[in-house]
Amino acid sequence: MQRRTIHIDESPIRFERWLKYLPNWLQRFLPSGGGNHEDHHGKTMFGFTIFLLSESIVFLSFFFTYIALRLTHSHWLPPGVKGPELSIAVMVNTIVLLSSSLVIQLAENALKRHKINKFRWLWLTTSGMGAYFLIGEIKEWLGLDFGLSTGLVGGTFYLLTGFHALHVFSGIILQIIMLIRSFRARNYNKGHVGVSATTFFWHFVDGIWVILFSLIYLWKA
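Treat the numbers as computed from the prediction; the structure is a model and nothing was measured.

About the criteria used
- Residues numbered from 1 in each chain as written.
- Predicted model: local features only at pLDDT ≥ 70, side-chain atom pairs only at ≥ 80, totals over all residues.
- Heavy atoms only, no water.
- Helix = DSSP H or I, 4+ residues; strand = E, 2+ residues; numbered from the N terminus.
- Buried < 20%, exposed > 50% of the residue type's maximum accessible area, 1.4 Å probe, protein only.
- Contact = heavy atoms within 4.5 Å.
- pLDDT = per-residue confidence, 0-100.
- Phe/Tyr/Trp six-rings, centres within 6.5 Å; stacked < 30°, edge-to-face > 60°.
- Axes fitted to C-alpha atoms, helices over the stretch in contact; angles between N-to-C directions.
- Parallel < 35°, antiparallel > 145°, perpendicular 65-115°, else oblique.
- Left-handed = near helix turned anticlockwise from the far one by under 90°.
- Nonpolar A, V, L, I, M, F, W, Y, C, P; charged D, E, K, R; others polar.
- Patch = residues over 30% accessible without salt bridge, like charges linked within 9 Å, V, L, I, M, F, W, Y side chains within 5 Å.
- Areas by Shrake-Rupley, 256 points an atom, 1.4 Å probe, with all protein chains shown as cover.
- Salt bridge = Lys/Arg side-chain N within 4 Å of Asp/Glu carboxyl O.

Considering the arrangement of structural elements, one finds Glu140 in helix H5 (residues 116-143). Note on Glu140: relative accessible area 16%, which makes it buried. The residues touching Glu140, leaving out its near neighbours within four places in the chain, are Val90, Phe157 and Tyr217.

Here we come to the confidence of the model for the protein. Summing up the model confidence of the protein, the mean pLDDT is 81 and the portion of residues at 70 or higher is 76%. The model gives residues 4-12 a pLDDT under 50, and that stretch makes 12 contacts with residues more than four places away or in other chains. In this model, residues 32-39 is a region of pLDDT below 50 whose contacts with residues beyond four sequence positions or in other chains number 21 contacts.

Now for the environment of Ser100. Among the structural elements, Ser100 can be located in helix H4 (residues 88-112). Accessibility expressed as a relative area gives 0% for Ser100, which makes it buried. For Ser100, the contacting residues outside a window of four places in its chain are Thr126, Met129, Trp202 and Asp206.

The next thing to look at is the packing of aromatic side chains. The full count for this structure, using the stated rule, is 15 aromatic pairs. When the centroid spacing of 6.1 Å and the interplanar angle of 35° are considered together, the rings of Phe59 and Phe63 count as tilted. Highlighted residues: Phe59 and Phe63, both in helix H3 (residues 40-72), separated by 4 residues, approximately one helical turn. Phe63 carries the same exposure label as Phe59, and that label is buried. When the centroid spacing of 6.1 Å and the interplanar angle of 65° are considered together, the rings of Phe59 and Phe204 count as edge-to-face.

Further remarks concern the packing of H4 against helix H7 (residues 193-218). Packing of H4 against H7 brings their axes to within 10 Å, and their N-to-C directions diverge by 160°. Here H7 runs roughly antiparallel to H4, going by the angle between their axes. For H4 against H7, the interelement crossing comes out left-handed. Contacts between H4 and H7 involve Val90, Thr94, Leu97, Leu98, Ser100, Ser101, Ile104, Gln105, Glu108 and Leu111 from the former and Val195, Ser196, Thr198, Thr199, Trp202, His203, Asp206, Trp209, Val210, Phe213 and Tyr217 from the latter. Grouping the constituent residues of the contact of H4 with H7 by class yields 11 nonpolar, 8 polar and 2 charged.

With that settled, the discussion passes to the packing of H5 against helix H6 (residues 151-181). Look at H5 against H6: their axes get within 10 Å of each other, and the N-to-C directions meet at 155°. Taken together, the axis directions place H5 and H6 in an arrangement best described as roughly antiparallel. Seen along the crossing, H5 lies across H6 with a hand that is left-handed. Of the residues in H6, those touching H5 at Arg120, Trp123, Leu124, Thr126, Ser127, Gly130, Ala131, Phe133, Leu134, Glu137, Glu140 and Trp141 are Phe157, Tyr158, Thr161, Gly162, His164, Ala165, Val168, Phe169, Ile172, Gln175, Met178 and Leu179. Classifying every residue of the contact of H5 with H6 gives 14 nonpolar, 7 polar and 3 charged.

So, about the environment of Phe146. Its place among the elements puts Phe146 in the loop between H5 and H6. With a relative accessible area of 5%, Phe146 lands in the buried category. Between the alpha carbons of Phe146 and Val81 there is a distance of 6.7 Å; along the sequence they are 65 residues apart.

Together, Leu86, Ile88, Met91, Val92, Tyr132 and Leu218 make up a nonpolar patch on the protein surface, roughly 530 Å² of accessible area in all. Among the elements that make up the nonpolar patch, the one with the highest residue count is H4 (3 residues). Among the structural elements, Leu86 can be located in the loop between H3 and H4. Under the relative-accessibility criterion, Leu86 is labelled partly exposed at 31%.

Okay, structure coming up:
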């Protein structure tokens with residue numbers, strides 16, 4: 001008979017004492033169970049949250065650098081360059097990407113209620129919306145009147161939007177992996193931490209785009 005493994009919790013922070021006072025949406029991102037090895041979901045989500053916080057620091061460094069450059073350069077756009085413009089296509093892309101956050105959350109909720117087919121369709125819809133955003137962003141890049149080497153406006157624009165697009169692409173890959181796993185018999189019967197982490201990552205990507213959209217398109221040169 002296999003013995004049950006118990007890991008001693010040596011952390012000075014006793015999560016169980018104050019976990020019940022936190023909102024439900026926050027509780028799932030914190031470990032519980034006093035260090036017991038069964039708490040895979042809580043520990044994984046806690047680790048994934050730390051990973052996203054590190055990603056946030058990278059994005060924040062880009063944001064503050066962009067803001068500092070904009071404030072210290074009165075002539076932001078080179079002569080003859082209009083820069084990125086808030087077009088209808090950009091607004092549609094933004095609406096599609098932000099709406100996908102609602103769709104992926106509905107997909108995860110469907111999986112919690114064991115409605116696997118509904119989960120698959122909503123999950124696939126989210127991936128399609130993400131792909132639509134990426135294609136729209138590539139079309140925008142191809143139609144701009146400046147390139148990566150066109151002064152600070154070119155370097156910062158393509159760095160910010162390109163780095164974000166990389167995260168969108170990564171999110172789509174994660175979604176495809178989770179979708180494929182859903183076709184394995186009883187794969188999600190014991191939990192769906194991968195789906196929860198992917199959903200959280202997608203919300204993070206959408207939140208970053210809100211900041212980027214405000215800095216790039218709403219802040220006029």
